[in-house]
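Chains, contacts and geometry: an overview
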Amino acid sequence: MSLYWLGHDEDVEFPPLAMALDEPDGLLAAGGDLSTARLLAAYQRGIFPWYSEGQPILWWSPDPRMILVPSQFHTSRSLARCRRRGDWRFSINTAFAQVIDACAAPRDGQDGTWITAEMRAAYLRLHAQGWAHSLEVWQDDNIAGGIYGLAIDRCFFGESMFHCVSNASKLALAALCERLAADEFVLLDCQMHTAHLATLGAQLMPRAAFAAQLEQYCKRLKPWQPAPI
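Since the structure is predicted, the reported quantities are computational estimates derived from the model, not experimental observations.

The rules we used
- Residues numbered from 1 in each chain as written.
- Predicted model: local features only at pLDDT ≥ 70, side-chain atom pairs only at ≥ 80, totals over all residues.
- Heavy atoms only, no water.
- Helix = DSSP H or I, 4+ residues; strand = E, 2+ residues; numbered from the N terminus.
- Rg over C-alpha atoms; globule rule 2.2 N^0.38 Å.
- Contact = heavy atoms within 4.5 Å.
- Areas by Shrake-Rupley, 256 points an atom, 1.4 Å probe, with all protein chains shown as cover.
- Lys, Arg positive; Asp, Glu negative; His and termini not counted.
- Charge placed at Lys NZ, Arg CZ, Asp CG, Glu CD.
- Axes fitted to C-alpha atoms, helices over the stretch in contact; angles between N-to-C directions.
- Parallel < 35°, antiparallel > 145°, perpendicular 65-115°, else oblique.
- Nonpolar A, V, L, I, M, F, W, Y, C, P; charged D, E, K, R; others polar.
- Salt bridge = Lys/Arg side-chain N within 4 Å of Asp/Glu carboxyl O.
- Buried < 20%, exposed > 50% of the residue type's maximum accessible area, 1.4 Å probe, protein only.
- Patch = residues over 30% accessible without salt bridge, like charges linked within 9 Å, V, L, I, M, F, W, Y side chains within 5 Å.
- Pairing = 2+ DSSP bridges.
- Disulfide = S-S within 2.5 Å.

1. Here's the deal with the overall build of the protein
Helices and strands together make up the secondary structure of the protein, namely seven helices and 11 strands. Here the C-alpha radius of gyration of the protein, 17 Å, is about what a compact globule of 229 residues would show, namely 17 Å. If you line up the protein on its principal axes, its C-alpha atoms span 55 × 35 × 35 Å. Sequence separation of at least 24 residues holds for 73% of the intrachain contacts in the protein that already meet a minimum separation of 6. Entry remark: accessible area of the protein is about 11000 Å², with carbon and sulfur atoms responsible for 50%. The distance from the centre of the 19 positive side-chain charges to the centre of the 25 negative ones in the protein is 10 Å.

Below you can see the structure in the form of structure tokens.
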């Protein structure tokens with residue numbers, strides 16, 4: 001099956017998810033742009049961009065999908081002790097640019113980053129327009145970890161998280177899930193399976209079931225306005 005190429009125009013439609021490749025898993029289309037309209041249309045359909053510097057924009061919808069029900073986040077005893085004993089402070093949308101830059105920083109065993117300058121600019125625009133959000137974890141007035149992603153209707157689409165203090169990214173995800181559950185979000189999209197996310201309560205969902213969830217709970221294009229933590 002040949003790869004579907006998107007044009008650089010106002011048409012933000014995507015091919016059916018069934019056209020996604022099996023290898024590499026979920027590659028659906030290439031090209032297009034990172035306009036706000038196209039990104040929102042993509043996420044509402046269960047599609048996200050992921051590519052490296054020098055590549056065309058690549059659009060993905062893997063099968064199965066890793067998702068986390070916010071109310072079902074698993075807090076281990078050790079993480080609960082860490083949260084009680086640590087001098088942690090949490091905030092929402094206080095340092096979005098700082099979080100995305102920390103997520104883009106080189107990590108052990110990785111060459112480069114998929115958060116290109118083009119991606120960074122696109123998600124900063126989404127944040128300015130109320131679609132993209134960050135949750136920050138602080139210790140002694142220094143940022144210790146965080147997570148960012150998009151919120152549409154009752155679905156949150158996680159993009160990346162980081163930590164520079166042990167357990168801070170887990171605490172960021174836990175605090176985000178608490179806020180999402182309080183605001184009746186039904187799922188947090190984790191995109192792809194990792195053993196680490198599975199220990200925190202994330203589970204695999206067939207792509208068709210994930211798309212059906214989005215059809216029901218990701219319709220309204222209304223920005224989320226989270227209450228301060």
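2. A word on the packing of helix α1 (residues 36–44) against helix α4 (residues 117–128)
Relative orientation of the contacting elements α1 and α4 amounts to 85 degrees, with a least axis distance of 10 Å. Judged by the inter-axis angle, α1 sits roughly perpendicular to α4. Here α1 contributes T36, L39, L40 and Y43 to the contact with α4, which in turn contributes A122, Y123 and L126. Its residues placed into classes, the contact of α1 with α4 shows six nonpolar, one polar and no charged.

3. A short note on the packing of helix α2 (residues 77–85) against helix α5 (residues 168–182)
Running from N to C, α2 and α5 cross one another at 90 degrees; their axes reach a closest spacing of 11 Å. Between α2 and α5, the interaxial angle falls into the category roughly perpendicular. Counted together, L79, C82 and R83 of α2 and K170, L171, A174, A175 and E178 of α5 form the full contact between these two elements. Split by residue class, the contact of α2 with α5 holds five nonpolar, no polar and three charged.

4. So, the pattern of salt bridges
Evaluated as defined, the whole model comprises seven salt bridges. Among the salt bridges present, the one from D141 reaches R89, with a minimum N-O distance of 3.9 Å. Here R89 lies in strand β6 (residues 88–92) and D141 lies in the loop between β7 (132–139) and β8 (142–152), a separation of 52 residues in the sequence. For R89, a relative accessible area of 42% puts it in the partly exposed group.

5. Observations regarding a negative patch on the surface
Together, D22, E23, D25 and D63 line one region of the surface with negative charge. Looking at the secondary structure, you find D63 in the loop between β4 (58–60) and β5 (65–68). Its relative accessible area of 35% is what places D63 among the partly exposed residues.

6. Considering the sheet that holds strand β3 (residues 48–49)
Pairing is mixed across the open sheet formed by four strands, whose spatial order is β1-β2-β4-β3. Two strands bound the open sheet, and with one partner strand each, they are β1 (4–6) and β3. Bridge count for β3 against β4 is two bridges, and the pairing is antiparallel. Across the sheet, the residue bridging to P49 is W59, located in β4.

7. Focus on unusual backbone geometry
In this structure, the amide linkage connecting E23 to the following residue, P24, adopts the cis form with an omega of -5 degrees. Cis peptide bonds are those with omega within 30 degrees of zero, and the linkage from D63 to P64 qualifies with 5 degrees. Looking at the secondary structure, you find P64 in the loop between β4 and β5. One non-glycine residue, D140, adopts positive backbone phi at about 55 degrees. The phi angle at D153 is positive, at roughly 60 degrees, despite the residue not being glycine.

8. Structural notes on the state of the cysteines
For the structure shown, the criterion picks out zero disulfides. Left without a disulfide partner, C190 is nearest to the cysteine sulfur of C177, which lies 7.7 Å away. Here C218 stays free of any disulfide, with the sulfur of C155 as its closest cysteine sulfur at 4.6 Å.

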